Amino acid sequence: MIEVCFLIGDDGAVLWADRSTSASELPDSRARWEAIWRLRDRLTVVAHTHPSGALEFSAVDRTTMAALDAALGRPLAYVVVTAEGMRSTHPAGETEPWWAALMRAASGMEGHWRS
Amino acid sequence: MAILNVTYRGLSADLPSEVEEFLSDDDIRALAVEVVRSGGLPGLHAADIGEGTFRHFVVDRFTAAGGGQRIYLRPKVPFGR
């Protein structure tokens, strides 16, 4: 399993995606930042997976979210997708969108439901 | 010397004056706070920003296509766990 990151537009489209080689981290990436900046006018959600199953934002996630919001000058919505569920910083974002299943497939989490 | 670019509050701009390319990352962050506070970053004046505003930003250093040194202060973007 690996972590993946999707950038989602205001129309629900996947604007950009990348992946890690690790199940526990997506390292810093200039390419990811350049995609966020280039797509900032359409970007509404930054989503990533937690193959570990932790359905919460980590300390790294939270400081990254704060830095991104400061840089863009507006708050984005942030989403964590695990094999079992999804968590969003947006109050209306708890209903799973179509791309959550795609993220699980890209992360290799399908079939890894915990009992 | 290097051109410093700072991204903050939806703006990405170069400082009008070049900076020493051997400044430390912390020096770059502190310099960015000062220029944003003073209005030295074209298009942005935010006198209210705190000392730690850029603590979760990274300093990207590279040689531009034309050969000059560039320093970008941008938000970090790792996620994990």
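Higher on the page you've got the structure.
The model shown is predicted, which means the values in this text are computed figures rather than measured ones. (Residues numbered from 1 in each chain as written. Chains lettered and ligands numbered in written order. Predicted model: local features only at pLDDT ≥ 70, side-chain atom pairs only at ≥ 80, totals over all residues. Heavy atoms only, no water.)

Visitor: Give me the sheet that holds strand β1 (residues 4–9) of chain A: which residues, what numbers.
Guide: Residue and element names in this part refer to chain A. The strand order β2-β1-β4-β5-β6 describes an open sheet built from 5 strands, whose pairing is mixed. Either end of the sheet is taken by a strand with one partner, and the two such strands are β2 (14–19) and β6 (86–88). Across the sheet, the mean angle from the axis of one strand to that of its neighbour is 15°, orientation sign disregarded. Relative to strand β5 (residues 77–81), strand β4 (residues 43–49) is paired through 5 bridges, and the arrangement is parallel. Bridge pairing links Val46 to Tyr78 in β5. Across the sheet, helix α1 (residues 30–38) lies against β1, β2 and β4, angled at about 170° from β2, the strand it touches most. Contacting β1, β2, β4 and β5, helix α3 (residues 98–107) crosses the sheet at an angle of about 160° to β1. (Pairing = 2+ DSSP bridges. Helix = DSSP H or I, 4+ residues; strand = E, 2+ residues; numbered from the N terminus. Axes fitted to C-alpha atoms, helices over the stretch in contact; angles between N-to-C directions. Contact = heavy atoms within 4.5 Å.)

Visitor: If you had to explain the interface of chain B and chain A to someone new, which residues and values would you point to?
Guide: Interface size is often expressed as the accessible area that is lost when the parts come together. Chain B puts 20 residues into the contact, and the matching count from chain A is 30 residues. Here chain B and chain A share 2 salt bridges between them. For the pair chain B and chain A, the number of links is 19 residue pairs in polar contact (both at pLDDT 80 or more). Ranked by the residues each element gives to the side of chain B that touches chain A, the list is headed by strand β3 (residues 57–63) of chain B, at 5 residues. Of the residues assigned to the side of chain B that touches chain A, the class counts are 9 nonpolar, 5 polar and 6 charged. Where strand β3 (residues 25–26) of chain A lies against strand β5 (residues 79–80) of chain B, 2 bridges are found, and the strand directions are antiparallel. (Salt bridge = Lys/Arg side-chain N within 4 Å of Asp/Glu carboxyl O. Polar contact = N/O pair within 3.5 Å; in protein donor to acceptor, adjacent residues only side chain to side chain. Nonpolar A, V, L, I, M, F, W, Y, C, P; charged D, E, K, R; others polar.)

Visitor: Residues and numbers for the packing of aromatic side chains, please.
Guide: Residue and element names in this part refer to chain B. Using the criterion set out here, one finds 4 aromatic pairs over all chains in the structure. Residues Tyr8 and Phe54 carry aromatic rings whose centres are separated by 5.3 Å and whose planes lie at 65° to one another, so their mutual orientation is edge-to-face. Placement of Tyr8 in strand β1 (residues 2–8) and of Phe54 in the loop between α1 (25–38) and β3 is noted, with a sequence separation of 46 residues between them. Each member of the pair Tyr8 and Phe54 is classed as buried. Pairing Phe62 with Tyr72 gives two aromatic rings, centres 5.5 Å apart and planes at 10°, and the pair type is stacked. Linking Phe62 in strand β3 with Tyr72 in strand β4 (residues 69–75), this pair joins segments that are 10 residues apart in sequence. According to the relative accessible area criterion, Phe62 is partly exposed, its value standing at 25%. An aromatic cluster is present here, built from Tyr8, Phe54 and Phe57 joined pairwise through their rings. (Phe/Tyr/Trp six-rings, centres within 6.5 Å; stacked < 30°, edge-to-face > 60°. Buried < 20%, exposed > 50% of the residue type's maximum accessible area, 1.4 Å probe, protein only.)

Visitor: How would you explain the nonpolar core if you had to name every residue and give the values?
Guide: Judged by nonpolar contacts, the single largest core of 44 residues is most densely connected at Leu7 of chain A together with Val6, Val36 and Phe54 of chain B. Not counting residues up to four positions away in its chain, the partners in contact with Val36 of chain B are Tyr8, Leu41, Leu44, His45, Ala46, Ile49 and Phe54 of chain B. Counting residues in each nonpolar core, the second largest holds 15 residues, with Val45, Val79, Val81 and Met103 of chain A among its members. (Core = buried A, V, L, I, M, F, W, Y, C linked by side-chain atoms within 4.5 Å.)

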